[in-house]
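# Examination of the molecular architecture
Listed below, chain by chain, are the residues.
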Amino acid sequence: MHVHKLLLVEDDATLGLLLMDYLEADHYQVTWKRDGLSALDQLKKQAYNLCLLDVSMPGMDGFTLARQIKHKHDYLPFLFITARGLKQDKLKAYELGAEDYIIKPFDPDELVCKLQVILRRKTIHQSLKTPESIQLGQYVYYVTRQEITIGQKTIKLTEKESQILLLLCNHQNKVLRREQAVAQVYGKSDYFLGRSFDVFISRLRKILKEDPDIQIENVFKVGFMLKVKDPVTA
């Protein structure tokens with residue numbers, strides 16, 4: 001049986017021990033760190049399948065830690081476990097690329113179910129056969145490298161940007177329904193995830209703005225359409 005490795009970053013000793021014991025009883029291999037700096041140091045030593053991050057921690061908060069993870073370990077999914085339930089915190093988490101945002105107190109069985117969904121979705125995504133590259137007008141999108149080039153310029157995409165761009169490419173000149181796309185990228189669909197999805201759409205528009213023959217258009221109350229003149233897939 002494959003054992004998934006989790007990195008838990010939680011400064012509360014009682015909750016940290018309880019979570020580690022509960023997750024290990026469910027056959028996860030858990031490394032527990034109590035601050036962001038020690039978590040980043042641990043990521044240099046060992047590869048993980050998923051990170052669980054608190055938000056309010058001394059020295060380096062969870063949002064700053066998440067940015068560091070995205071910068072140095074972009075392949076690595078993460079979610080937040082926090083007592084902070086403000087709307088702006090949730091939106092910030094999802095804009096950073098979080099898989100989920102779980103508010104304390106929570107049901108540990110529900111947490112395990114969410115972990116299973118995230119890890120299963122990642123496994124399926126990694127196993128899918130994808131083209132090496134896709135031609136988008138003047139751009140070339142290198143799918144497996146998560147890069148897009150135009151002329152001599154290369155732009156590195158985040159994992160979420162790449163997932164969404166691939167969905168759009170698979171629906172070239174067709175409507176991509178927003179709710180279905182959000183569920184496919186995040187595993188579920190709700191207001192906060194939808195807002196996060198829209199942020200990534202805006203980022204992709206900026207990335208693709210140098211070719212006027214490519215547009216990501218809004219389809220009112222339905223979703224989006226990647227309009228490409230004479231689309232060609234390599």
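Scroll up a little and you will see the structure.
Residues numbered from 1 in each chain as written. Predicted model: local features only at pLDDT ≥ 70, side-chain atom pairs only at ≥ 80, totals over all residues. Heavy atoms only, no water.

## What to know about the overall build of the protein chain
The number of helices and strands found in the protein chain is eight helices and twelve strands. The globule rule puts the C-alpha radius of gyration for 234 residues at 17 Å, and the 19 Å found for the protein chain is close to it. Oriented by its inertia axes, the alpha-carbon framework of the protein chain measures out at about 60 × 35 × 35 Å. Taken over 234 residues, the protein chain has a buried fraction of 48%. Here the protein chain has roughly 12,000 Å² of accessible surface; of this, 52% comes from carbon and sulfur atoms. (Helix = DSSP H or I, 4+ residues; strand = E, 2+ residues; numbered from the N terminus. Rg over C-alpha atoms; globule rule 2.2 N^0.38 Å. Buried < 20%, exposed > 50% of the residue type's maximum accessible area, 1.4 Å probe, protein only. Areas by Shrake-Rupley, 256 points an atom, 1.4 Å probe, with all protein chains shown as cover.)

## Concerning the packing of helix α7 (residues 178-186) against helix α8 (residues 191-207)
Viewed as axis vectors pointing N to C, α7 and α8 meet at an angle of 95°, and their least axial separation amounts to 10 Å. When the axis of α7 is compared with that of α8, the two are roughly perpendicular. Of the residues in α8, those touching α7 at Arg178, Ala181, Val182, Val185 and Tyr186 are Leu193, Gly194, Arg195, Ser196, Phe197, Asp198 and Phe200. Residues that form the contact of α7 with α8 fall into these classes: seven nonpolar, two polar and three charged. (Axes fitted to C-alpha atoms, helices over the stretch in contact; angles between N-to-C directions. Parallel < 35°, antiparallel > 145°, perpendicular 65-115°, else oblique. Contact = heavy atoms within 4.5 Å. Nonpolar A, V, L, I, M, F, W, Y, C, P; charged D, E, K, R; others polar.)

## Quick look at α7
Those residues of α7 lying buried are Ala181, Val182, Val185 and Tyr186. Within α7, the buried residues cover an arc of 110° as seen down the axis, which keeps them to one side. Of the exposed residues in α7, the ones pointing more than 90 degrees away from its buried face are Glu179, Gln180 and Gln184. Phi for Gly187, located one or two positions after α7, is positive at around 90°. (Arc of directions from axis to C-beta.)

## Regarding the pairing of strand β2 (residues 29-33)
Two strands pair when backbone bridges link them, and strand β1 (residues 5-9) and β2 are joined in this way by five bridges, in the parallel orientation. Counted as the bridge partner of Leu6 is Val30 from β2. One crossover worth recording links β1 to the parallel β2 by way of helix α1 (residues 13-25), and it is right-handed. (Pairing = 2+ DSSP bridges. Right-handed = clockwise from strand over helix to strand, strands pointing away.)

## Regarding the pairing of strand β7 (residues 139-142)
In the sheet, strand β6 (residues 133-136) pairs with β7 via four bridges, with the strands oriented antiparallel. Paired with Ile134 across the bridge in β7 is Tyr141. Once β6 ends, the chain turns through two residues before running back antiparallel as β7, passing Gly137 with a positive phi of about 60°. Pairing analysis gives four bridges linking β7 to strand β8 (residues 147-150), with the strands arranged antiparallel. The residue bridging Tyr142 from the neighbouring strand is Glu147, located in β8. Here β7 folds back onto β8 in antiparallel fashion, the turn holding four residues, of which Gln146 has a positive phi close to 55°.

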